[in-house]
Amino acid sequence: MASDDETVCQIMSKVKINEVDEVSRDNSSSENSSETSEDSIEIEVPFKVGMWDLKQCDPKRCTGRKLMRLELIDKLGMSAMFNGIVLTPVATESVSAMDNQIIANYGVAVVDCSWARLNDTPFHKLQHRKAKKNLRLLPYLVAANPVNYGHPSKLSCVEALAAAMYIAGFKEIGDLYMSKFNWGPTFIRLNQELLDGYANCKDGKEIVGFQNQYLDQLDNDYNHESSSTESSSESSEDDVETSVRNR
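Residues numbered from 1 in each chain as written. Predicted model: local features only at pLDDT ≥ 70, side-chain atom pairs only at ≥ 80, totals over all residues. Heavy atoms only, no water.

Describing the nonpolar core
And then number 1: Residues Val108, Leu161, Met165 and Tyr177 are the most contacted members of the largest nonpolar core, which totals 44 residues.
And then number 2: Looking at this core, the elements with two or more residues in it are β3 (49-53), β5 (85-87), β6 (108-112), α4 (157-167), α5 (171-178), α6 (184-190) and α7 (192-199).
And then number 3: Of the residues forming this core, the biggest block, 10 residues, is contributed by α4.
And then number 4: Each residue touching Met165, except ones within four places of it in the same chain, is listed here: Phe47, Val49, Val108, Phe170, Lys171, Ile173, Gly174 and Tyr177.
And then number 5: Judged by nonpolar contacts, the second largest core, of 10 residues, contains Met78, Val86, Leu135 and Leu137. (Core = buried A, V, L, I, M, F, W, Y, C linked by side-chain atoms within 4.5 Å. Buried < 20%, exposed > 50% of the residue type's maximum accessible area, 1.4 Å probe, protein only. Helix = DSSP H or I, 4+ residues; strand = E, 2+ residues; numbered from the N terminus. Contact = heavy atoms within 4.5 Å.)

What to know about α7
And then number 1: All of the buried residues in α7 are Leu194, Leu195, Gly197 and Tyr198. With its buried residues spanning 165 degrees around the axis, α7 presents them on a single face. (Arc of directions from axis to C-beta.)

What about the pattern of salt bridges?
And then number 1: Using the criterion set out here, one finds 4 salt bridges in the structure.
And then number 2: Measuring nitrogen to oxygen at the nearest pair gives 3.0 Å for the salt bridge that ties Lys48 to Asp74. In this pair, Lys48 is assigned in the loop between α1 (31-34) and β3 and Asp74 in strand β4 (residues 74-76), connecting sequence segments 26 residues apart.
And then number 3: Note on Asp74: relative accessible area 38%, which makes it partly exposed.
And then number 4: One network of salt bridges, in which partners are shared, links Glu93, Asp99 and Arg136. (Salt bridge = Lys/Arg side-chain N within 4 Å of Asp/Glu carboxyl O.)

Some points on the packing of α4 against α7
And then number 1: Where α4 meets α7, the closest approach of the two axes is 8 Å, and the angle between their N-to-C directions is 45 degrees. The pairing of α4 with α7 is recorded here as oblique in orientation. Between α4 and α7, the contacting residues are Ala163, Tyr166 and Ile167 on the first element and Gln192, Leu195, Asp196, Tyr198 and Ala199 on the second.
And then number 2: Tallied by class, the residues present in the contact of α4 with α7 amount to 6 nonpolar, 1 polar and 1 charged. (Axes fitted to C-alpha atoms, helices over the stretch in contact; angles between N-to-C directions. Parallel < 35°, antiparallel > 145°, perpendicular 65-115°, else oblique. Nonpolar A, V, L, I, M, F, W, Y, C, P; charged D, E, K, R; others polar.)

A look at the sheet that holds β5
And then number 1: In space, the 5 strands of this open sheet follow the order β4-β3-β6-β5-β7, with parallel pairing throughout. Of all strands in the sheet, those with a lone pairing partner are β4 and β7 (135-136), marking the two edges.
And then number 2: Across 2 bridges, β5 lies against β7 in parallel orientation. The residue of β7 that forms the bridge with Leu87 is Arg136.
And then number 3: With respect to the sheet, α4 is in contact with β3, β5 and β6, its orientation differing from that of β6 by roughly 150 degrees. (Pairing = 2+ DSSP bridges.)

A closer look at the side chain of Asn191
And then number 1: You can see Asn191 is positioned in the loop between α6 and α7.
And then number 2: A relative accessible area of 0% places Asn191 in the buried class.
And then number 3: Sequence-distant contacts of Asn191, defined by excluding residues within four places in its chain, comprise Leu141 and Val142.

What about unusual backbone geometry?
And then number 1: Its identity is not glycine, yet Glu71 carries a phi of approximately 60 degrees, on the positive side.
And then number 2: Checked against the element boundaries, Glu71 lands in the loop between α2 (63-69) and β4.
And then number 3: According to the relative accessible area criterion, Glu71 is exposed, its value standing at 71%.

Focus: the pairing of β6
And then number 1: The buried fraction of β6 is high, at 5 of 5 residues.
And then number 2: When β3 meets β6, the two strands line up parallel, connected through 5 bridges. Bridge pairing in β6 places Met51 opposite Val110.
And then number 3: Relative to β6, β5 is paired through 3 bridges, and the arrangement is parallel. Considered in β6, the bridge of Val86 is made with Ala109.

Structure, rendered in structure tokens:
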């Protein structure tokens, strides 16, 4: 059973929020996640930002740990009551602009767990009766962190928090959190269309609709490209066969 000091990287909605777990390591330097962007800005964060830390990831690459060192996030015990928005894979509703006042008044927190160890993560302990209505998922987004760059779903804790802030109407604060990592601004650029679209949705239902429309378009573009490539390949084969016959 995990203690109050244990850590996690999280999945949200079909989106996995994943700090590098103990069994998945690559050749990326740990400095990649600890360096700060030259564009770092300083503004006041007017609400609480928290994290349940279950120690399932590499501490050298954990973005949540770095935010703690920068005093931009508070560590929460497993039994802690948190009345703000909680980003967790056991939620059933997407974060949206409707959550603006909840975040403004009570803050936002992330469950920092490894996506590979979800079965070992005691999410049930976080489902307090009074706060259960504030559990949220994240919609489809693409990671920019060094370990999972370009992969849909595999967001780091800071990416998850910044995305929730951006979607709920706290864009500048989301930018502030991402500015603490040299690769941070890339996350916003990679997902600009999605983040702006989600932020313009009035509630979670509209966000799901926008997400599905976006994914459908991706599928259509992929199928069209595959079809064009296949047609081009068949045409080339026909040209080769004709050339052989003419000889």
